[in-house]
Amino acid sequence: MGTIQDTDQTGPAEGGSAPGPKRETRTVTEGTLKRYLSGPGQFVLAIGACLALILAVFLITPAEDDKPLPRTIDYTWNAKEFARKAPYQAYAPAGLPAPWAATASRLTGTNATAKEAAKGTVAWHLVLVAPSQRYAAFEQSNENPDGPKGFVARMTNVPKSTPENAEGRQTAGGAEWERYYQRDKKQYSLVRRLPDSTIVLTGTASYDELAVLAGSLVAQPKNG
């Protein structure tokens, strides 16, 4: 049980004629006290305390970036290996400004002997992320560039990818490139046909970003 004291202002004070407060003690059952302490008001206070705690945790938790940073790689070794084994003049991107980043690299045909490589296909596939967070791939190969299954058609996803069917021309890095656009995949491509190999720059990156990549290409020395 509990007790509650009420103060009555009408009763006389002790030892004098002036009126004074009169104290009256009432007995409250345990059930009544429990209902008083666990009513709707206490429920609202508990909910409010929980919400305040959640808000505090939210405010002190560091926000994550909208997009995680891509895993970057160093493609220096692949560039040197490609230059040593390719039976043609090899190129590689160099000095790309931040936040350009390479994320994947694969060499094809470089495990063959020099004699075998001279007769076969040697290629380099390098994937980069442009400042727009769209991807751009650098591809160079001595594979046959033309035909329905040729190197250019496979890299650009444009079946009719001969020079006369190019969407246009663009000068980048001091060289002229053919433009191709695959509408279904929203894929942009720049193609440069060299005497003994073909370079394709392709991806969802814009023509302007591909032009920056084209301008970064540097001829690699054979001795690495």
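Residue numbers here run from 1 along each chain, matching the order of that chain's written sequence. Where local features are concerned, this predicted model is filtered to residues with pLDDT of at least 70; where side-chain atom pairs are given and counted, the filter is 80 or more; whole-chain, interface and lining totals use all residues. Only hydrogens and water are set aside; all other atoms, that is, all heavy atoms of the structure, feed into the side-chain values.

Chemist: What's the story with the overall build of the protein in this structure? I'm lost.
Modeler: Only DSSP runs of H or I covering at least 4 residues are called helices, and only runs of E covering at least 2 are called strands; the numbering of each starts at the N terminus. Along the backbone of the protein there are six helices and eleven strands. Every residue pair with non-hydrogen atoms within 4.5 Å of one another is taken to be in contact. Restricting to contacts in the protein with at least 6 residues of sequence separation, those with at least 24 account for 52%. Of the roughly 14500 Å² of accessible surface on the protein, 56% is carried by carbon and sulfur atoms. Computed with a 1.4 Å probe, the accessible areas rest on the Shrake-Rupley method; for each residue, only the protein chains presented here act as cover.

Chemist: I tried to follow helix α3 (residues 76-85) on my own but got confused; where do I start?
Modeler: Every α-helix carries 3.6 residues per turn, so stepping three or four residues along brings you back to the same face. Residue exposure (1.4 Å probe, protein chains only): buried if accessible area is under 20% of the type maximum, exposed if over 50%, otherwise partly exposed. Residues of α3 that are buried include every one of Asn78, Ala79, Glu81, Phe82 and Ala83, and no others. As for α3, its buried residues are in contact with β3 (91-93), β4 (101-108), β5 (123-129) and β6 (135-141).

Chemist: Any chance you could explain the side chain of Glu178 here in plain terms?
Modeler: Residue placement: Glu178 occurs in strand β8 (residues 175-182). Contacts described as polar in this section are N or O atom pairs within 3.5 Å, which, within protein, must combine one atom able to donate a hydrogen with one able to accept it, while residues neighboring in sequence count only if both atoms come from side chains. Side chain to side chain, Glu178 and Tyr180 meet in a polar contact 2.5 Å long. In this view, Glu178 contacts Pro163, Ala166, Gly168, Arg169, Ser189, Leu190, Val191 and Arg193; residues no more than four positions away in its chain are not counted.

Chemist: How should the pairing of β5 be read in this particular structure?
Modeler: Remark: a regular strand shows side chains that alternate across the two faces of the sheet. With seven of seven residues buried, β5 is to be regarded as a mostly interior element. Taking every second residue as pointing to the same face, both faces of β5 are buried, with Ala123, His125, Val127 and Val129 on one and Trp124, Leu126 and Leu128 on the other. The sheet contact formed by β4 and β5 spans seven bridges and is antiparallel. Paired with Ser105 across the bridge in β5 is Leu126. The pairing criterion is simple: DSSP has to find at least two bridges between the two strands. Here β5 runs beside β6; their pairing, made up of seven bridges, is antiparallel. The residue bridging Val129 from the neighbouring strand is Tyr135, located in β6. The turn joining β5 and β6, which pair antiparallel and follow one another in sequence, is formed by five residues; a positive phi near 70° is taken by Gln133.

Chemist: Looking at this model, I keep getting lost on the pattern of salt bridges. Mind explaining?
Modeler: Opposite charge on two side chains permits pairing when their charged atoms draw close. Salt bridge, as applied in this entry: a Lys or Arg side-chain nitrogen positioned within 4 Å of an Asp or Glu carboxyl oxygen. Counted by the stated rule, this structure contains six salt bridges. Across the pair Arg154 and Glu143 runs a salt bridge, and its minimum N-O distance is 2.5 Å. Taken together, the residues Arg154 in helix α5 (residues 151-156) and Glu143 in the loop between β6 and α5 connect sequence positions eleven residues apart. Overall, the relative accessible area of 39% leaves Arg154 in the partly exposed class. Each of Glu81, Arg84 and Lys85 takes part in a single network of salt bridges with overlapping partners.

Chemist: Explanation requested: the packing of aromatic side chains in the structure shown.
Modeler: One pair of aromatic rings is described through two measures. These are the centre distance and the angle between the planes. Stacked, tilted and edge-to-face pairs are distinguished by plane angle, under 30 degrees for stacked and over 60 for edge-to-face with tilted covering the rest, among Phe, Tyr and Trp rings (Trp via its six-membered ring) whose centres lie within 6.5 Å. Evaluated as defined, the whole model comprises six aromatic pairs. Taken together, a centroid distance of 6.0 Å and an interplanar angle of 55° make the contact between Tyr75 and Trp124 tilted. Of the two residues, Tyr75 is situated in the loop between α2 (40-60) and α3 and Trp124 in strand β5; the sequence distance between them amounts to 49 residues. Under the relative-accessibility criterion, Tyr75 is labelled buried at 16%. Cluster of aromatic residues (ring-pair linked, three or more members): Tyr75, Phe82, Tyr88, Trp124 and Phe138. For the cation-ring pair, Arg179 lies above Tyr207, with the distance from its terminal atom to the ring centre recorded as 4.0 Å. Note on criteria: charge over ring means Lys NZ or Arg CZ within 6 Å of the ring centre, with the direction from the centre no more than 35 degrees off the ring normal.

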